[in-house]
Each structure stands twice: as C-alpha cells, then as structure tokens.
Amino acid sequence: MAVRPLLEVRGVDKSFGAVQVLRDVAMNVFPGEVTALVGDNGAGKSTLVKCISGIYPIDAGQVVFDGRPVTVSSPKDAAALGIEVVYQDLALCDNLDIVSNMFLGREKRSGIALDEATMEQMAHRTLASLSVRSVSLRQPAASLSGGERQTIAIAKAVLWNSRVVILDEPTAALGVAQTAQVLELVRRLADNGLGVVLISHNMNDVFAVSDRITALYLGRTAAQVRTSEVTHSQVVELITVGYTGSIGLLPDPGSYEGMGGRS
Amino acid sequence: MSVITPPGQAPDQQVVADAPPSDSYLKRLGNLQSVWILGVLLLIILAFSLAAGDKFLSTSNFSLISQNIAVWAVLGVGMTFVIITSGIDLSIGSVLVFSSVVAAKVMAASGGDSWGVAGLGILAAIASGVAWGVLNGFLVAKAKIPALIVTLGSLSIALGLAQVLTGGIDIRSVPEALTDFNTYVRILGVPALPFVALVVVVIGGIVLHKTKFGRYTYAIGSNELGARRVGINVDRHLIMVYALSGAMAGLGAVLALAQFGTTTIAGQSLTNLNVIAAVVIGGTSIFGGQGSIFGTVVGLFIPAVLQAGFVIIGVEAFWQGVAVGTVLVAAVYVDQSRRAAALRGASAPNPLLAMFRTRK
Ligand SMILES: Nc1ncnc2c1ncn2[C@@H]1O[C@H](COP(=O)(O)OP(=O)(O)O)[C@@H](O)[C@H]1O
Ligand SMILES: [Mg+2]
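The rules behind the values
Residues numbered from 1 in each chain as written. Chains lettered and ligands numbered in written order. Predicted model: local features only at pLDDT ≥ 70, side-chain atom pairs only at ≥ 80, totals over all residues. Near = placed C-beta within 6 Å. Helix = DSSP H or I, 4+ residues; strand = E, 2+ residues; numbered from the N terminus. Nonpolar A, V, L, I, M, F, W, Y, C, P; charged D, E, K, R; others polar. Pairing = 2+ DSSP bridges. Domains from an automatic or database assignment. Axes fitted to C-alpha atoms, helices over the stretch in contact; angles between N-to-C directions. Contact = placed C-beta atoms within 7 Å. Parallel < 35°, antiparallel > 145°, perpendicular 65-115°, else oblique. Left-handed = near helix turned anticlockwise from the far one by under 90°. Buried ≥ 20, exposed ≤ 12 C-beta atoms within 10 Å, placed from the backbone.

**Student:** Help me out: how do you make sense of the site of ligand 1 in this one?
**Tutor:** All names here are of chain A. For ligand 1, the full set of nearby residues is Phe 16, Val 19, Val 21, Gly 39, Asn 41, Gly 42, Ala 43, Gly 44, Lys 45, Ser 46 and Thr 47. Sorting the residues of the shell around ligand 1 by element identifies strand 2 (19-29) and helix 1 (45-52) as the ones contributing at least two each. Per-element tally for the shell around ligand 1: the top contributor is helix 1, with 3 residues. The residue makeup of the shell around ligand 1, split by class, is 4 nonpolar, 6 polar and 1 charged.

Here is the structure:
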C-alpha cells in the first residue's frame, strides 16, 4: 500500500560560509520503517539532522512533516512536532540523573516547584515498557555505560510520544552486545509505528534493521532505495563514489574523474 | 503513555529502576561533598569546644559568628548559582561597594532616617547590583568573553567608579532605620542580619534545588551544548544567573551598610575570594554542574568558626588563613578524586557511607 512519508526533506541546501555542505538533499522517512542514512565521513549526515531539528537554519528547500510544510527554527519546534533526535555526541547532562535528563527542557511542575514524583513515575513506566534493566532512575548520567546512555536517549523519544526518531551513529562507540540491544530498540520503535532514521557506518547494522537506505555523497542525495533491493557492496559503492550500476549520481559523461572510480 | 509494549518479556527483564528510595537517597546524600564537609565543620566545633568549653560553645559566640558571615552568605547564594554554571563572578565585592555608594547617595539625597528613605536605598542598591550582573551576564553569554575576564574587568570598573563617585572617601550617613535594624532587631531570637541571610539562603536553596531555574543552572554547567539541544535558552539563563549574583551583591550592600553604618570602599577587596572559597569548600564544583546552597553555608562557617575559635583559645588569627587555605585545597582534591572514581564507574569510596553500611 502507498504510505505517505511522515517526514520529507526536499531540496535542502545548507552552507557554512563559503562551504556548501548540503546540496539539493532529499530524504523520505516512512512510519513504521527504519530509514538508514548512510554516507562517508563529512558527507553531511549530522548537518542534515541538525537542519531537520532546528539547530541550523536551511538555506533552501523544504521540510514536510505529516504532509504539511513546516518551519523548524529551534529544537523546541522539532520536539513540539514530535521529532526526537539522539545526537552523535550524546547530549546528556552528566551531573543530572536519568529522570532529570529525560525531562530536561520539558519538566513537569506543580506550582513553581518541579514535580519530581510525577516525572519519576513517567520515566519509570517508559523504561519498564522498554524493559530497560539495571539502572536506577536517580543515578547520574555520568555513571551510565555507553549503551545505557543510548537507551536513555532513545527512551526520551518514547516518553514524549515522538513520531520521528533520528539517531546519529548510536552504535559507533558500543560493544557487540550493547549494539545488538540498541538495534533491537531501534527496530521496536519502528515496529510501533514511528518513523526512525538511523545513521550508521556499519553495513551489518544497516542491513540488520533498516527498511530503506538514503545515501549521501558529498552533501548530495545519491540514492533512496529499499534495503531489500541492494547489496552490501552496492551500498558501499553509493557511499564511496555516489553511484552503483544505474543507481545514484551517475558521473557526468564529460568527466573522466567520476569514471575513474570504477573498476 | 508509552507507545512501546514489551514483546514477550522474560521475567528477569523487569528488574527496572526500582532501587529502594531510602537507599538511593542515603547514597546520594553520602556522595555529597557538603555532607562530609559538614562533618569537618562539626569536628572543628568539637575540637574548639574541648579546648575552650563554654566560652566557645556560647550563644553569644555563635551569634557573633553568624553576624560575621551574614553578608557573605547572601553573596554566596549568587556565587553558588554562577559557579554551578561553571562560571565565576569576581566582581561581587566591588559591585557591593558600588551599590552601597549608590544607596548611600540616594538615601543622603532624600534625607532622613525613616524606613521610607532606607527603602529607597535598598531599591537603589539592588537595582545597581542587577545592572552590573546583567552587564556581566551579557558579556559572558552573548559576547562570549570568559567570565574570569569579564568579572575581573567589572571588579575594577565598579570599584573605580565607586571611588570616582565618592572621591575615595566613605559615606557615613546611613539612615538609623538601617543601623538600628542591625543593632536592635531580633527575629525569632536571631539577630536581624543573620535572619535576613537565612531567609535568602532558604529561598536560594529552594530555587536551586526545586525549580526549573535551578535545574537549568545545573544543566548548563553540566553540558551547555546538551542544554541548548533540548531548547533551553542558555544565553538568557546565564544572564539571569549573573543578574542574580549582582542582585545578591546589591542586597549584601544594604546589609553591609546596616552592619557598619558606612560604605566600605576599601574593605571588600578579598570578599570575592572568601566567598568563592566557601562555595568551593562546600562542594560546588568549579567545573560546573554540581553544588548546593547548603554546602556553601557550611563552607562559610568553617573559616568563621576557625577565626572565632582561634581568638578564644588565643592562637594568632593569622593561622586562620593557613587553615582555610588548607581546607580549600583538600576539599577540591577530595572532590576531584571522587569525580575520577565516578568516571571509572566505581562508586566512590565514602567514609560516611561506609559508616552507615556497617551500622546496618
Ligand atoms: N558548524 C559547521 N561549520 C562549518 N562546517 C561544518 C559545520 N558542521 C559541519 N561542517 C562541515 O560539513 C561537512 C559535513 O559534516 P557532517 O554533517 O558532520 O558530516 P557527517 O556527519 O556525514 O560525517 C564537513 O565537511 C564538516 O567539516
Ligand atoms: Mg556525523
């Protein structure tokens, strides 16, 4: 059946000064699916995420959420739409405990005072629903392992009933077991109807959980494909040279530079 | 409500986040530097009590001690907020001087000894303090100049301007309403100035530990970028925190006027360092993200008690500096070791906590 994308990025350009980092980028994120966003270091993945979440303004193009063009000019706007981002450099506050981190910026209050009991309860329920083990709600984020930090960050998306969750390299610093755990959570988010964007360098991760793949090459969208329709090595080619076979940013026939990459 | 329903949950998977609150509370308490530094304070008090008996352990002695730290306690509230954001405010002593000069001028101009006149002076002092604080905060948050430099600059400027305004000569006309307030008034048995300081400390503690404002203060000190990412207006918050510190310096100016009956132009050159030392001794981390008002109060009592104790047992007061400096460095060393231990994932060895454990 034809499902409308939950989040569409259309023709987005982004420059930092003279350096154009994103050029006419497109990406579609469907509900109930994991869309892997892949690309070499510096391809612009993190920048695209920050454009979507309102950290950077976009120079041109459109972000369409649930069929409506939206302007996201701050992380608060993104959160209000239901877009939750788990950043590459995990933005947890080390000194704050788990509950405080999950509610940071969206605290529950009674009167002027923080309503710690309600927040603790909600956090507890969320973590329980994710069957998160072995953390105490009041332990500071500093004492969490990498996997636990990712889990808490992902749990925020669940807590806030987000509709789109974007995870920037969530498994980059994790061991095998923790990676599996995080990927399993990612899959479950999608199975529950959320639109999930997973940025990853790891082809195993990408093929393990994703339904679609969007490949960025030097700041441009090289391809949007179904994961089932491509092979590992095709994706690697998309990442490294921007095209594979007839898919992708086909090299300009006049330029032999592009052709040189193929053997 | 959560959107996730756990599929086929193994029974052992539900060991969630439900540590007995008493345990975790005790643990959190035991991990606080302010708690064991309180132990240090009690030890000091015990030692002097053994050495000097009733002369030390008297109401009048502690009344005097609390008089001596009242102004610093008020300044310490603002400084605690600032340092938790991983900032610093070196200007408080000078801002206090400037504000007291402005207040004294305003009160002299309106003339009289009534509370009405004093009220004008209080408003003027606090407004002047807030203005300096906003300026500091703006330069730190918006112009991105390091807080150390900004407040070193305003330290110099505020003191310089206070001297320009007065020709360097203290203004001695303070309405009697203010000086009498200090000399004669007792509230619930507590002398007026310490009582005011106590109220400020309690309100400061509530704001820091129980409100969004306080939570954001910790968040910014802990991870400024993270705070921005969740949509906290970090710049505005920093400006408010420095404004708070300025306001406290303004209020401190009023208390100092009441206490001494004169501006104290030459008398506040070490105020900033003394207050910072107290805040740090009390467990507020200069790296930001951690600290408490309670700790600051304990940190203020340590030098004050040492001073009073040394006087009573006849040790030269010079030793106070030696003792306070030692406590300061030791406190920060212990704080850092704890941090390093926490980073290694081990729960920091904690004498207090160990005590509680073995008792159980
Ligand atoms: N704030 C910034 N200012 C200037 N250049 C930036 C900024 N952020 C990213 N870039 C540049 O944009 C390019 C893409 O970076 P990034 O989005 O982090 O790539 P990726 O996440 O795909 O590795 C890089 O060349 C990087 O140097
Ligand atoms: Mg990146």
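**Student:** Could you clarify how one ought to interpret the pairing of strand 2 of chain A in this entry?
**Tutor:** All names here are of chain A. Inspection of the sheet shows strand 1 (residues 7-16) paired to strand 2 by 7 bridges, in the antiparallel sense. From the neighbouring strand, Val 12 faces strand 2, where its bridge partner is Val 25. Hairpin connection between strand 1 and strand 2: a loop of 2 residues separates the two successive antiparallel strands, and Gly 17 in this loop has a positive phi of roughly 60°.

**Student:** Looking at this structure, how should I read the domain arrangement of chain A?
**Tutor:** How big an interface is tends to be stated in terms of the accessible area lost upon association of its parts. Domain annotation of chain A identifies domain 1 (7-92 + 163-260) and domain 2 (95-143). One C-alpha centre belongs to domain 1 of chain A, the other to domain 2 of chain A; they are set 29 Å apart.

**Student:** Would you mind showing me how to read the sheet that holds strand 1 of chain A here?
**Tutor:** Neighbouring strands of a sheet are bound in pairs by backbone hydrogen bonds; such pairs are parallel or else antiparallel. Residues and elements named next belong to chain A. An order of 2-1-4-5 is seen for the 4 strands of this open sheet, with the pairing classed as antiparallel. Where the open sheet ends on each side, the last strands, each with one partner, are strand 2 and strand 5 (68-70). Averaged over all pairs of adjacent strands, the angle between strand axes in this sheet comes to 30°, irrespective of strand direction. Where strand 1 meets strand 4 (residues 60-65), 5 bridges bridge the pair, whose relative direction is antiparallel. Counterpart to Val 9 in the pairing with strand 4 is Val 63. With respect to the sheet, helix 1 is in contact with strand 1, strand 2 and strand 4, its orientation differing from that of strand 2 by roughly 70°.

**Student:** Got a minute to help me understand the sheet that holds strand 12 (residues 220-226) of chain A in this structure?
**Tutor:** All names here are of chain A. Taken together, 6 strands build an open sheet; the order of strands is 6-9-10-3-11-12 and the sheet is mixed. Taken across any chain shown, the strands that pair with only one partner, and hence form the sheet edges, are strand 6 (83-86) and strand 12. The sheet shows a mean angle of 15° between the axes of neighbouring strands, taken without regard to direction. Summarising the sheet, strand 6 and strand 9 (residues 164-168) pair through 4 bridges and their orientation is parallel.

**Student:** What should I look at first to understand the packing of helix 3 (residues 59-84) of chain B against helix 12 (residues 271-281) of chain B in this one?
**Tutor:** Two quantities define a packed helix pair, namely the angle between the helix axes and the distance between the axes. Residues and elements named next belong to chain B. Running from N to C, helix 3 and helix 12 point in directions that differ by 65°, and their axes come no closer than 9 Å. Put simply, helix 3 runs roughly perpendicular to helix 12. Helix-helix and strand crossings are classified by hand; for helix 3 and helix 12 the assignment is right-handed. Judged by residue contacts, Trp 72, Leu 75, Gly 76, Met 79, Thr 80 and Ile 83 of helix 3 engage Thr 271, Asn 274, Val 275, Ile 276, Ala 278 and Val 279 from helix 12. When its residues are assigned to classes, the contact of helix 3 with helix 12 shows 8 nonpolar, 4 polar and no charged.

**Student:** Even after reading the chapter, I still don't get unusual backbone geometry, so can you show me in this structure?
**Tutor:** Excluding glycine, a negative phi dihedral is what most residues carry, and trans is how most peptide bonds are arranged. At Asp66(A), a position not held by glycine, the phi torsion is positive, near 55°. By the secondary structure assignment, Asp66(A) is in the loop between strand 4 and strand 5. Its 16 C-beta neighbours within 10 Å are what place Asp66(A) among the partly exposed residues. Phi at Lys144(B) is positive, roughly 60°, even though this residue is not glycine.

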